[in-house]
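Given next are the chains, with one letter for each unit.
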Amino acid sequence: MEELPRWREGLRAYGMIAGMWIRSSMAYRASFVITVFGNLLVTGLDFVTILLMFSQVHSLGGWSLPEVAFLYGLSATAFGISDLVLGSMDVLGARIRDGSFDTLLVRPAPVLAQIGADRFALRRLGRITQGGLVLGYALLHIDVNWTVGKLLLVPVMLVCGAAIFGALFVAGAAFQILAQDAAEVQNAFTYGGTTLLQYPPAVFGKDFLRGVTFMLPLAFVNWVPASYVLGRPYPLDLPAGAAFASPLVALAFCALAGLAWRAGLKSYTSTGS
Amino acid sequence: MGAGRLYAAVAAGGFRRYATYRAATLAGVFTNTVFGVVLVYTYLALWDERPHLGGYDQAQAVTYVWLGQCLYATLAIQGGGFEKDLMERIRTGDIAVDLYRPADLQLWWLASDFGRALFQLLGRGVVPFVFGSLFFPMALPSDVMSWAALLVALLLAILVSFGIRYLAALSVFWLMDGMGINQAMMILGIFCSGMVLPLNAFPGVLGDVVRALPWAAQIQMPADVLMGKTDPLDAYAFQATWAVVLLTAGRLMQSAATRRVVVQGG
């Protein structure tokens, strides 16, 4: 009974803070529209790169353009969702350095909700829109014998993928409490992760694949389930049913990130300035 | 002569300012290394499918990746050097104080950015490059001359990079806010510098266009000079031409801007 109210309290605080930032960005409507459009362009560059590559070749690692677009759409949309919800976490280091993190600690609302909603930016809808468009294109062009299971896997991948990326953001925030200036390390996993997953797993070396499958379970965002949907063998030996393991992986990863966050928060000592 | 010492001191200040944040530098090294690894694998797949794309073999494509990661922060490909400070000073009006100083505005910021670039090259660029050369096959020249030629190309690239961002920063005199221009510079910088794909692998007319733009002076030219893909003198001529054009344009824009500065009291 104790946990539930705290959950809802966090969501309520998150909603209020996010709403405040939305109202603030809407004060300059033209500027808002331009930044959404700019965001769409910036995130679209990744896909333009893939298109440029496919202007020179017919397949990459044996995968066709629609298949790579399928991976891209899933990765970009899932990342876009977690980026919208938790993407401002990289300002945590700056908040600790200038001492304003202390303010968050004394407020009667969960710190994670406050820091997650900090500088909530609706312009990040640009990435979700762009990823969604590519995913739509891919779904129309991939050659798949759709079954109910495969069809269900698409929304499951988006939700679990967003959860896995979200856990990365939270773990990254916990790390920033320890190493304040090192916020950029987080980018290697979040932005690096979404970039990596836009390309076929067959492209990467075996050791590298093992790392992002078993150690850091990024492969469960899209690689493993999408390989199943497309009927392509995953380059590593995985137990049967691994394609459907994303929810479990996401849950475990979120729990670990939550523990890391708690440990980080406990070890926090103010700069005193 | 006093002026030389002044700008040397400004450059040293720029170097030290970035050298202060050691954890941030380490984080940057790590991030560039991870991105380098991801890019290398995708390029290897691409060059596997299409050997000699853009006149590179696989080892040369890998070399290009790691040089790109090495120069990413050095040349502020995505923006984020002195120009953010200068934009803020223009927006707040602090620029009026700068214009009063017995120093040239353009040279002052060039010196400061040169110090920053030098630190980013040594502190943040070298390690990912060495990492790449240890773990992936690269096409590195063994003669000293090629490396010396690379240094000259880098020096010119730093000038071009500054020239582009100085123009962007001064545009704030008219735009009042740098957000839009920063975003545009970021897109152009990543795309037209060849951060995502070597410019010589761009298809058709698009390739011809991006190879003629000033951003081509930043990664493509140094890479081709290092790997002996072009006559260094041709590369230098291309880079120097753009450097002169951009710096001159910056000077003209600066005098146009300073003529219209109205310092607000209050």
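Residues numbered from 1 in each chain as written. Chains lettered and ligands numbered in written order. Predicted model: local features only at pLDDT ≥ 70, side-chain atom pairs only at ≥ 80, totals over all residues.

What follows deals with the overall build of chain B. For chain B, the helix and strand inventory stands at twelve helices and zero strands. Start at the N end of chain B and walk to the C end: the helices and strands fall as α-α-α-α-α-α-α-α-α-α-α-α. Its C-alpha atoms give chain B a radius of gyration of 19 Å, near enough to 18 Å, the size a compact globule of 266 residues would have. Taken along the three principal axes of its C-alpha coordinates, chain B extends 65 × 40 × 35 Å. (Helix = DSSP H or I, 4+ residues; strand = E, 2+ residues; numbered from the N terminus. Rg over C-alpha atoms; globule rule 2.2 N^0.38 Å.)

Helix and strand counts for chain A come out as twelve helices and zero strands. Its helices and strands in sequence order give chain A the pattern α-α-α-α-α-α-α-α-α-α-α-α, from N to C terminus. For a compact globule of 273 residues, the expected C-alpha radius of gyration is about 19 Å, and chain A comes in at 20 Å, within 12% of that figure. A separation of at least 24 residues holds for 84% of the contacts in chain A among residues at least 6 apart in sequence. (Contact = placed C-beta atoms within 7 Å.)

This part takes up helix H9 (residues 179–192) of chain B. Counted at 1.5 Å a residue, the expected span for H9 of chain B with its 14 residues is 20 Å, and the 20 Å between its end C-alpha atoms agrees. For H9 of chain B, every residue scored as buried is listed here: Asn 182, Met 185, Gly 189, Ile 190, Phe 191 and Cys 192 of chain B. Summarising the contacts, the buried residues of H9 of chain B are in contact with helix H2 (29–54) of chain A together with helix H7 (144–170) and helix H10 (204–212) of chain B. Gly 194 of chain B occupies a position one or two residues after H9 of chain B and carries a positive phi of about 85°. (Expected span 1.5 Å × (residues − 1). Buried ≥ 20, exposed ≤ 12 C-beta atoms within 10 Å, placed from the backbone.)

Residues and elements named next belong to chain A. With 21 residues, helix H12 (residues 246–266) extends 30 Å between its outermost C-alpha atoms, agreeing within 8% with the 30 Å of an ideal straight helix rising 1.5 Å per residue. Every buried residue belonging to H12 is among Ser 246, Val 249, Ala 250, Phe 253, Ala 257 and Trp 261, and all of these are buried. When H12 is viewed along its axis, its buried side chains cluster within an angular range of 105° and face the same direction. Opposite its buried face, H12 presents the exposed residues Leu 248, Ala 255, Leu 259, Arg 262, Ala 263 and Lys 266, each directed more than 90 degrees away. Those residues of H12 that are buried are in contact with helix H6 (111–117), helix H8 (148–178) and helix H11 (223–230). (Arc of directions from axis to C-beta.)

This paragraph deals with the interface of chain A and chain B. In this assembly, 29 residues from chain A lie in contact with 29 residues from chain B. Those elements giving two or more residues to the side of chain A that touches chain B turn out to be H2 and helix H9 (183–196) of chain A. Counted by class, the side of chain A that touches chain B contains 17 nonpolar, ten polar and two charged residues. (Nonpolar A, V, L, I, M, F, W, Y, C, P; charged D, E, K, R; others polar.)

Right, let's talk about the confidence of the model for chain B for a bit. Per-residue confidence for chain B averages 93 on the pLDDT scale, and 98% of its residues sit at or above 70. Across the interface, the model reports ipTM at 0.89; the global pTM reads 0.91. (pLDDT = per-residue confidence, 0-100.)

A few words now on the environment of Leu 151 of chain A. Here Leu 151 of chain A lies in helix H8. In sequence terms Leu 151 of chain A and Val 185 of chain A are 34 residues apart; their C-alpha atoms lie 35 Å from each other.

Attention shifts here to the environment of Ile 77 of chain B. Residue and element names in this part refer to chain B. Considering the arrangement of structural elements, one finds Ile 77 in the loop between helix H3 (58–74) and helix H4 (82–92). Classification of Ile 77 as buried rests on a count of 23 C-beta atoms within 10 Å. Spatially, the C-alpha atoms of Ile 77 and Met 195 are 8.1 Å apart, while their sequence positions differ by 118 residues.

Once that is clear, we can look at the packing of H2 of chain A against helix H3 (residues 65–86) of chain A. All names here are of chain A. For the pair H2 and H3, the least separation of the axes is 11 Å and the interaxial angle reads 165°. The orientation of H2 relative to H3 falls into the category roughly antiparallel. Once H2 is placed against H3, the crossing between them reads as right-handed. Contacts between H2 and H3 pair Thr 43, Phe 47, Ile 50 and Phe 54 from the former with Leu 65, Val 68, Tyr 72 and Ala 76 from the latter. Here the residues of the contact of H2 with H3 sort into seven nonpolar, one polar and no charged. (Axes fitted to C-alpha atoms, helices over the stretch in contact; angles between N-to-C directions. Parallel < 35°, antiparallel > 145°, perpendicular 65-115°, else oblique. Left-handed = near helix turned anticlockwise from the far one by under 90°.)

Structurally, Gly 205 of chain A can be placed in the loop between H9 and helix H10 (206–215). For Gly 205 of chain A, a count of 13 C-beta atoms within 10 Å translates into the label partly exposed.

With that settled, consider the nonpolar core. Of all hydrophobic cores here, the largest spans 160 residues; its most connected members are Ile 164 of chain A together with Ala 153 of chain B. The greatest single-element share of this core, amounting to 17 residues, is contributed by H8 of chain A. Sequence-distant contacts of Ala 153 of chain B, that is, excluding residues within four places in its chain, are made with Met 221, Pro 222, Val 225, Ala 235, Tyr 236 and Gln 239 of chain B. (Core = buried A, V, L, I, M, F, W, Y, C linked by C-beta atoms within 7 Å.)

The subject of this paragraph is the packing of H7 of chain B against helix H12 (residues 232–259) of chain B. All names here are of chain B. Packing of H7 against H12 brings their axes to within 8 Å, and their N-to-C directions diverge by 25°. On the basis of the axis angle, H7 is roughly parallel to H12. Both H7 and H12 take part in a crossing whose hand is left-handed. Residue composition of the contact of H7 with H12, by class: 22 nonpolar, four polar and no charged.

With that settled, consider unusual backbone geometry. Residues and elements named next belong to chain B. Notably, His 52 is not glycine yet its phi reads approximately 65°, a positive angle. With respect to the element layout, His 52 can be found in the loop between helix H2 (22–49) and H3. Residue classification places His 52 among the exposed positions, given that 11 C-beta atoms sit within 10 Å. One non-glycine residue with positive phi stands out, namely Ala 76, at about 45°. With respect to the helices and strands, Ala 76 occurs in the loop between H3 and H4.

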